[in-house]
Amino acid sequence: MDKGNGQKPGQASGIPFQDPHGHGAAQGKLLEQAIGREVKGFREKLGLTIAELAKAADMSAGMLSKIENGATSPSLASLQALGQALQVPVTAFFKSYEEIRDATFVKAGQGLTIERRGTRAGHQYQLLGHSPHGPVSVEPYLITLTHQSDVFPTFQHSGLEFLYMLEGNVVYRHGDKTYDMHPGDALFFDADAPHGPDELRALPIRYLSVISYRRED
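What you see is a predicted model, and the numbers here were worked out from it, not measured in a lab.

Undergrad: Sorry if this is basic, but what is going on with the overall build of the protein here?
TA: A count of helical and extended segments in the protein gives four helices and seven strands. Looking at the protein as a whole, 32% of its 217 residues are labelled buried. The long-range share in the protein, meaning contacts at least 24 apart out of those at least 6 apart in sequence, stands at 64%. In the form shown here, the protein has an accessible surface area of approximately 13,800 Å², with 53% of it arising from carbon and sulfur atoms.

Undergrad: Would you mind showing me how to read helix H4 (residues 76-86) here?
TA: Every α-helical turn comprises 3.6 residues, leaving residues that sit three or four positions apart pointing alike. Within H4, the full set of buried residues consists of Ser-78, Leu-79, Ala-81, Leu-82, Gly-83 and Leu-86. One or two steps after H4, the chain reaches Gln-87, where phi turns positive at roughly 65°.

Undergrad: Explain a nonpolar patch on the surface here, please?
TA: Residues Leu-160, Phe-162, Tyr-164, Leu-166 and Phe-188 make up a contiguous nonpolar surface patch of about 440 Å² in total accessible area. Position of Leu-166 relative to the elements: it lies in strand E4 (residues 160-174).

Undergrad: Help me understand the side chain of Ser-137 in this model?
TA: Tracing the backbone through its elements, the reader meets Ser-137 in strand E3 (residues 136-145). On the basis of relative accessible area, Ser-137 is assigned to the buried category, the value being 6%. The contacts of Ser-137, once residues within four sequence positions are left out, are Ser-131, Ile-211, Ser-212, Tyr-213 and Arg-215.

Undergrad: What am I meant to see in the environment of Gly-109 here?
TA: As for its placement among the helices and strands, Gly-109 is situated in the loop between H4 and strand E1 (112-114). Sequence separation between Gly-109 and Gln-126 is 17 residues; the distance between their C-alpha atoms is 8.7 Å.

Undergrad: Which parts of the structure should I look at to understand the environment of Lys-66?
TA: The residue Lys-66 is located in helix H3 (residues 61-68) in this model. For Lys-66, a relative accessible area of 47% gives the class partly exposed. Residues contacting Lys-66, with those up to four places away along its chain left out, are Ala-71 and Thr-72.

Undergrad: Could you clarify how one ought to interpret the nonpolar core in this entry?
TA: Side chains of a nonpolar character, in soluble globular proteins, are inclined to be buried together. Leu-163, Tyr-172, Met-181 and Tyr-207 are the most contacted members of the largest nonpolar core, which totals 18 residues. Where this core is concerned, the elements lending two or more residues are strand E2 (124-127), E3, E4, strand E6 (186-190) and strand E7 (195-214). Ranked by the residues each element gives to this core, the list is headed by E4, at four residues. For Tyr-207, the residues in contact, after removing those within four places along its chain, are Tyr-141, Leu-142, Ile-143, Leu-145, Leu-163, Tyr-164, Met-165, Leu-166, Tyr-172 and Pro-197. In terms of nonpolar packing, the next biggest core, distinct from the first, is built from 16 residues, Ile-35, Phe-42, Leu-82 and Phe-93 among them.

Undergrad: For this particular structure, what's the right way to read the environment of Ser-65?
TA: Turning to its location among the elements, Ser-65 is positioned in helix H3. As for Ser-65 and Ala-51, which are separated by 14 residues in sequence, their C-alpha atoms are 9.3 Å apart.

Undergrad: What is the right way to look at the packing of aromatic side chains in this model?
TA: Centre distance and the angle of the planes are the two values used to describe a pair of aromatic rings. Across all of its chains, the model carries five aromatic pairs by this definition. A centroid spacing of 6.1 Å and a plane angle of 70° characterise the contact between Phe-42 and Phe-93, whose relative ring orientation is edge-to-face. Of this pair, Phe-42 sits in helix H1 (residues 23-45) while Phe-93 sits in the loop between H4 and E1, placing them 51 residues apart in sequence. Judged by relative accessible area, Phe-93 falls into the buried class, the value being 0%. An angle of 85° between the planes, with centres 6.0 Å apart, marks the rings of Tyr-125 and Tyr-141 as edge-to-face. Note that Tyr-125 is positioned in strand E2 and Tyr-141 in strand E3, a separation of 16 residues in sequence. Across this residue pair, the class does not change: Tyr-125 and Tyr-141 are buried. Taken together, the ring pairs in this structure connect Tyr-172, Phe-189 and Tyr-207 into an aromatic cluster.

The rules behind the values
As a convention, each chain's residues are numbered from 1 in the sequence order in which they are written. Two thresholds apply to this predicted model, a pLDDT of at least 70 for residue-level local features and 80 or more for giving and counting side-chain atom pairs, whereas whole-chain, interface and lining totals are computed over all residues. Computation of side-chain values: all heavy atoms of the structure, hydrogens and water removed. Per the convention used, a helix needs a DSSP run of H or I reaching at least four residues, while a strand needs a run of E reaching at least two, with both numbered from the N terminus. A 1.4 Å probe rolled over the protein chains alone gives each residue an accessible area, and that area as a share of the maximum for its type sets the label: buried under 20%, exposed over 50%, partly exposed in between. Contacts between residues were defined by any pair of non-hydrogen atoms, one from each residue, lying within 4.5 Å. Per-residue accessibility takes into account occlusion by the displayed protein chains alone, with areas from the Shrake-Rupley method and a 1.4 Å probe. A patch is a set of surface residues, each over 30% in relative accessible area and not in a salt bridge, joined within 9 Å for like charges and within 5 Å for the nonpolar side chains Val, Leu, Ile, Met, Phe, Trp and Tyr. Only one rule defines a salt bridge in this text: a Lys or Arg side-chain nitrogen within 4 Å of an Asp or Glu carboxyl oxygen. Take the buried Ala, Val, Leu, Ile, Met, Phe, Trp, Tyr and Cys residues and link them wherever side-chain atoms come within 4.5 Å; each set so joined is a nonpolar core. Put simply, two rings from Phe, Tyr or Trp (the six-membered ring, in Trp's case) pair if the centres are within 6.5 Å, and we call them stacked under 30 degrees between planes, edge-to-face over 60, tilted for the rest.

As structure tokens, then:
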């Protein structure tokens, strides 16, 4: 292998190297893109062309195009000029960047044990995270079935559910169909239909269950 080609580790010929830890540059780029989206959105809402808005803000159409595409970091003076031309405060351009971005971190074995319908049948549920904001709720669970667990193929709830098998062997029912699930198998389904473990073949059984549904207004 030629080690004298000047490439960084993991860089293929002709493909630019990307540093996954380059958070500073990435954050700046995200801000520029967010500002660009807002400027373009306000412009289109008013039915203005790039040339018309550029003229009203006393800047070149090329510069405005770069701002909208997130290709440049606009100065405060440019943002003030755009705000006046679009009749919005400068802070409006940062709205999408400042929206809440949730993250939940759970250490191994420290998921919150909760009560669900299947708990009565000996199913152990560990909640691995939650999404308190946004129109869609997502609930990821680690579910464990042991010798104390019973079959329970009659769960029904709104939304969608995704299962990923980690350990053991279970025959899982959804509606009138069954699926013989082993580690690595996945199942995605409409949770309105009756579903759940129908036959416990190799214990212990562990699988991930991710439930998503639209929040009530």
